[in-house]
Every structure is written in C-alpha cells, then in structure tokens.
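Structure at a glance
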Amino acid sequence: MWQEKLDRDPKLRERLAGASGMSPIRTTDDLSAFYRKSSGPGWMLIGDAGHFKDPVTGNGMRDAFKHGRLAAEYAAPVIDDPELLDAAITDWEKQRDRDTLPTYHWGNRETRPQLTSPLAQAVLGTFAGTEQPGISDLFNRTKYPEDIISPPRLIRGLLATLLARGADRRAILAEVATELRYEVEVRRSRYFDGFRSRRVAATEHPGWSVGKAP
Ligand SMILES: Cc1cc2nc3c(=O)[nH]c(=O)nc-3n(C[C@H](O)[C@H](O)[C@H](O)COP(=O)(O)OP(=O)(O)OC[C@H]3O[C@@H](n4cnc5c(N)ncnc54)[C@H](O)[C@@H]3O)c2cc1C
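Residues numbered from 1 in each chain as written. Predicted model: local features only at pLDDT ≥ 70, side-chain atom pairs only at ≥ 80, totals over all residues. Heavy atoms only, no water.

Per an unreviewed UniProt entry, the protein goes by the name Oxidoreductase and belongs to Gordonia paraffinivorans NBRC 108238.

What follows is about the overall build of the protein. A count of helical and extended segments in the protein gives nine helices and four strands. Taken from the N to the C terminus, the helices and strands of the protein come in the order α-α-β-β-β-β-α-α-α-α-α-α-α. With the C-alpha coordinates of the protein rotated into their principal frame, the extents come out at 70 × 45 × 35 Å. Of all 214 residues assigned to the protein, the portion counted as buried reaches 33%. Restricting to contacts in the protein with at least 6 residues of sequence separation, those with at least 24 account for 64%. Element-wise, carbon and sulfur atoms account for 58% of the exposed surface of the protein, whose accessible area totals about 14,000 Å². Side chains of the protein give 32 positive and 30 negative charges; the mean places of these two sets differ by 5 Å. (Helix = DSSP H or I, 4+ residues; strand = E, 2+ residues; numbered from the N terminus. Buried < 20%, exposed > 50% of the residue type's maximum accessible area, 1.4 Å probe, protein only. Contact = heavy atoms within 4.5 Å. Areas by Shrake-Rupley, 256 points an atom, 1.4 Å probe, with all protein chains shown as cover. Lys, Arg positive; Asp, Glu negative; His and termini not counted. Charge placed at Lys NZ, Arg CZ, Asp CG, Glu CD.)

This part covers the packing of aromatic side chains. Per the counting criterion, the structure on display carries three aromatic pairs. Judged by centre distance (5.2 Å) and plane angle (70°), the rings of Trp106 and Phe139 are edge-to-face. Here Phe139 lies in helix α6 (residues 136–139) and Trp106 lies in helix α4 (residues 82–110), a separation of 33 residues in the sequence. Of the residues examined, Trp106 reaches a relative accessible area of 11% and is grouped as buried. (Phe/Tyr/Trp six-rings, centres within 6.5 Å; stacked < 30°, edge-to-face > 60°.)

As a further point, take a nonpolar patch on the surface. A cluster of nonpolar residues, Trp2, Leu12, Leu16 and Ile25, forms a patch on the protein surface that exposes about 340 Å² of accessible area. Position of Leu16 among the secondary structure elements: in the loop between α2 (10–15) and β1 (34–35). The partly exposed category is assigned to Leu16, whose relative accessible area is 33%. (Patch = residues over 30% accessible without salt bridge, like charges linked within 9 Å, V, L, I, M, F, W, Y side chains within 5 Å. Salt bridge = Lys/Arg side-chain N within 4 Å of Asp/Glu carboxyl O.)

Closest axis-to-axis distance for the α4/helix α9 (residues 169–191) pair is 9 Å, and the angle between their directions is 160°. By the angle between their directions, the pair α4 and α9 is classed as roughly antiparallel. Here the hand of the crossing between α4 and α9 comes out right-handed. Touching Leu101, Pro102, His105 and Arg109 of α4 are Glu179, Tyr182, Glu183, Glu185, Val186, Ser189 and Arg190, all from α9. (Axes fitted to C-alpha atoms, helices over the stretch in contact; angles between N-to-C directions. Parallel < 35°, antiparallel > 145°, perpendicular 65-115°, else oblique. Left-handed = near helix turned anticlockwise from the far one by under 90°.)

This paragraph deals with unusual backbone geometry. Positive phi outside glycine occurs at Arg141, with the angle close to 60°. Note that Arg141 resides in the loop between α6 and α7 (145–148).

With that settled, the discussion passes to α4. Given a rise of 1.5 Å per residue, 29 residues ought to cover 42 Å, and the 41 Å separating the end C-alpha atoms of α4 matches this to within 8%. Along α4, the helix axis deviates most sharply at Thr100, where the bend reaches about 45°; the proline Pro102 sits within four residues downstream. (Expected span 1.5 Å × (residues − 1). Bend = angle between axes of the 7 residues up to and from the residue.)

This paragraph deals with the environment of Leu31. In this fold, Leu31 is placed in the loop between α2 and β1. Distance in space between the C-alpha atoms of Leu31 and Asp147 is 26 Å, their sequence separation being 116 residues. Leaving out residues up to four positions away in the same chain, Leu31 has contacts with Phe52, Asp54 and Pro55.

Structure (structure tokens):
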C-alpha cells in the first residue's frame, strides 16, 4: 500500500528516494470516505458507523458527538410511537447528511494525491494579508468550505494564474474544468437530496465504489 501511495505522489517519492525503510510502517489501511444508509425501522447508525470522512478535516469527533446527540433529541420525544419514531430518525439522517456533506467533499478534494498547483496557490494566496478568520472557519464549521473558498476568490485566483508570466494556460484550463465539475457537485449535493448510495460523487477518489447494499 505504501508503494502504491508513493507511485501516486511523485514529489513525495522523490523526497524519500534513498530512504532505508528501517522501521515497520504503521498505518490505518483504508481511510476511504463513505456514507451508509444510517436509519431504518427501529435502528440508527451513529458516528463513524454511518458516515466517515478523511481525518484531514479534523471533524470526525465533532460529527460523531453532534449527530449522536441529535439522534437522541430526535428520537426521545416519540420513542413510544413506532411510526413517529421512524419518521423522526429519517429526518435525523437527512439533517446529518446536509450538515456533513460539504466537509465530506472538502476532505475528498484535500486528499487527492497531487501537487499544489499554481491555481490552488493563487486561490489560497487571496487570503494573504486579510484579517478574516477565513480558513479556520472551515475547521470550526461556522461556514461551509465553498462559502469561504468562494466563486469570487476562485475567479481572482484564476485571473492571477492566467496572467502570470510563463503560465501554462492549457494546464490551468484543464484544471479549471475538473474543479468546475467538483464545484457543481458540491452545490448540487448541498441543495438537492439524493447524492449518495445511487452513484459515485465527482469528488471521490479513483477506484472508489459505493459497494453493494447489504
Ligand atoms: C487516523 C485518524 C485520525 C483522526 N483524527 C481526527 C481528528 O484530529 N479530529 C477529529 O475530530 N476526528 C479525527 N478522527 C476521526 C475520529 O476518530 C472518529 O470520527 C470518531 O472517533 C468516531 O467516533 P465513533 O464513536 O463513531 O467511533 P469509534 O471512536 O471508532 O468508536 C467505536 C468503538 O466501537 C468498538 N467496537 C467495534 N466493534 C465492536 C463490537 N462488535 N463490540 C464492541 N465494541 C466494538 C471499537 O473498538 C471502538 O472503540 C480521526 C480518525 C482517524 C482514523
């Protein structure tokens, strides 16, 4: 698995060239993000059991706590009425998805094994010298990632990259095409239901599969 990761990240492989590999490598082997169907008659899946995203987001515990607590708050008032209870936990699952999807996509995008492109650098560079909390708001979840790294910021970064001396405009536009697909997907799944279990989301890593329903 380590070799496979290195093959996908030439820069890292270059930095590790000649390393002796003296100690055994310890790793969590599969950090693929997922959603599972998380509620049904008389049952719910809480925390990582129902939804997991790459730890780079630093949000797994927050989501396990928050939506564990909300699960109880949804269920408690109707615990003795099976029909109302089933409806309540279905609602609970929907609000969990709405709350966690932006971070899920963000985690998928952040963990693509690729170099930080001039475009990404320019977009992040638009934060330089501002007093706004900006990027830290991603981690404390007071704002959605796509609202912080917003379309105006993307356009400013794009213009800066295209106008830079020696810019590889073909490569930049190819990257824009991919990122545009992701931007549409992120917003689509935020505003419309039905993102998961039916198909693979655009942000998911190559080779990822939704798997078969049990
Ligand atoms: C490498 C890594 C780094 C992370 N870093 C962060 C971070 O910085 N910040 C953050 O917020 N989140 C982070 N997370 C995510 C966070 O750890 C999880 O989202 C969170 O622990 C989920 O809580 P949980 O209670 O749902 O599941 P878990 O914490 O996994 O708890 C499930 C428990 O159930 C037990 N169990 C499983 N099967 C059975 C069974 N059959 N019988 C009895 N017990 C069983 C397991 O042993 C485990 O103790 C990270 C995750 C990983 C993998």
